[in-house]
Amino acid sequence: MAHLAAEAGISRRCLAKWYARWRAHGGLLDHSSRPATSPARTPEDIADLVEALRRQTKHGPARLATDLQRLHGVTLAPATVHRILVRRRLTRLRDLDPPTGEQLREVIRYEHDRVRDLVHVDVKKSRAGAQQRA
């Protein structure tokens, strides 16, 4: 195995890892680099608090982080607050009703069965219609 690794220009450990993966899965498949679990993820009760503050005050992540520290004694980085807002789809103030903080617009997603499927919209004007208007 050391000779094969040297010919491939990789370490023996790397070759052993690839070989074990090949034997276990029947080939070298791509694996996601996303962790299976996130034990340090912000707890849901704190995320609920961030969401409630956002809907009440309409502040951005930096000011929300300051408000959380001042009002509730919870220390979060503005980047973490932003991630929570993204996860809860609250990043755009224009999508929130100003008096109530409720969601105004639902995001319309077009999902397709296969990759590279396209939505076709025919916007071409007919020649006859263009000539009549002229």
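Residues take numbers from 1 onward in each chain, read along the sequence in its written order. Thresholds applied to this predicted model are a pLDDT of at least 70 for local features of residues and 80 or more for the giving and counting of side-chain atom pairs; totals over whole chains, interfaces and linings are not thresholded and use all residues. With hydrogens and water set aside, each side-chain value is computed from the structure's full complement of heavy atoms.

K.L.:
For this particular structure, what's the right way to read the overall build of the protein chain?
P.N.:
Numbering of helices and strands starts at the N terminus; helices are DSSP runs of H or I of at least 4 residues and strands are runs of E of at least 2. When its secondary structure is counted, the protein chain shows six helices and zero strands. The 134 residues of the protein chain split such that 20% are buried. Every residue pair with non-hydrogen atoms within 4.5 Å of one another is taken to be in contact. Within the protein chain, counting contacts between residues at least 6 apart in sequence, those at least 24 apart form 34% of the total. Per element, the accessible surface of the protein chain, about 11,500 Å² overall, is 52% carbon and sulfur. Only protein chains enter the area calculation, which uses a 1.4 Å probe; residues under 20% of their type maximum are buried, those over 50% are exposed, and those in between are partly exposed. Under the convention used here, a 1.4 Å probe and the Shrake-Rupley method define accessible areas, while residue burial counts only the protein chains that appear.

K.L.:
Hey, could you run me through the packing of aromatic side chains in this one?
P.N.:
What characterises a pair of aromatic rings is the spacing of the ring centres plus the angle enclosed by the ring planes. The criterion for an aromatic pair is that two Phe, Tyr or Trp rings (for Trp, the six-membered ring) have centres within 6.5 Å, with stacked assigned to planes under 30 degrees apart, edge-to-face to planes over 60 apart and tilted to the rest. All chains considered together, the criterion is met by one aromatic pair. Aromatic pair Tyr19 and Trp22: ring centres 6.0 Å apart, planes at 25 degrees, arrangement stacked. Here the residue Tyr19 and the residue Trp22 both occupy positions in helix H2 (residues 12–25), the gap between them amounting to three residues, near one helical turn. The partly exposed category is assigned to Tyr19, whose relative accessible area is 39%.

K.L.:
How should I be thinking about unusual backbone geometry in this particular structure?
P.N.:
Unlike most non-glycine residues, Lys58 shows phi in positive territory, near 60 degrees. One can find Lys58 in the loop between helix H3 (44–57) and helix H4 (61–72). Even without being a glycine, Arg89 presents a positive backbone phi close to 55 degrees. Given the relative accessible area of 63%, Arg89 is considered exposed.

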